[in-house]
Amino acid sequence: MALESRVTQEEIKKEPEKPIDREKTCPLLLRVFTTNCGRHHRPDEFARGNVPSSELQIYTWMDATLKELTSLVKEVYPEARKKGTHFSFSIVYPDTRGKVYRLKDIGNTISGRKGTDDSMTLQSQRFQIGDYLDIAITPPNRAPPLGARMRPF
């Protein structure tokens, strides 16, 4: 007889996050990789110990929101400060079944606008220390990136 989990994704997300005391908790090193073309890096770019060259290192906490991370990236990349710039966030993590990496889309923010994903935290998206964060930045004058199901080919 097989057992099924009756816990839904909504119940997991409603699970209250433990508040982090940033005065007493040591920050983690978040390795962030960015692109300015509106697309994420390919998973094979992280294979065999390699990483893309566009690395940004941020010291932060697990309760960091996507909006907070957006503002930190904008401090480093002035071209991303323009109103309407689109930031698409993905967690890059090693696949437990092999020596490959996977990308998991976790949310989007837009510079100068409030959005539903702004308050999403790393912790709420099951980020684990050692994972990477990949941010695809799309300038406001370019069309938003095509979704995975809307590819033109």
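Residues numbered from 1 in each chain as written. Predicted model: local features only at pLDDT ≥ 70, side-chain atom pairs only at ≥ 80, totals over all residues. Heavy atoms only, no water.

### So, the pattern of salt bridges
Phase 1: Enumeration over the complete set of coordinates arrives at eight salt bridges.
Phase 2: For D44, the salt bridge identified is with R42, shortest N-O distance 3.1 Å.
Phase 3: With a shortest N-O distance of 4.0 Å, D118 and K67 are connected by a salt bridge. Placement of D118 in the loop between strand 4 (101-110) and strand 5 (132-138) and of K67 in helix 2 (residues 66-76) is noted, with a sequence separation of 51 residues between them.
Phase 4: Note on K67: relative accessible area 28%, which makes it partly exposed. (Salt bridge = Lys/Arg side-chain N within 4 Å of Asp/Glu carboxyl O. Helix = DSSP H or I, 4+ residues; strand = E, 2+ residues; numbered from the N terminus. Buried < 20%, exposed > 50% of the residue type's maximum accessible area, 1.4 Å probe, protein only.)

### Side note on the confidence of the model for the protein chain
Phase 1: Mean pLDDT for the protein chain: 82, with 82% of residues reaching 70 or above.
Phase 2: Predicted confidence for residues 5-9 stays below pLDDT 50, and this span has two contacts to residues more than four positions away or in other chains.
Phase 3: Taken together, the stretch residues 146-153 has pLDDT below 50 and engages in two contacts with residues farther than four places along the chain or on a different chain. (pLDDT = per-residue confidence, 0-100. Contact = heavy atoms within 4.5 Å.)

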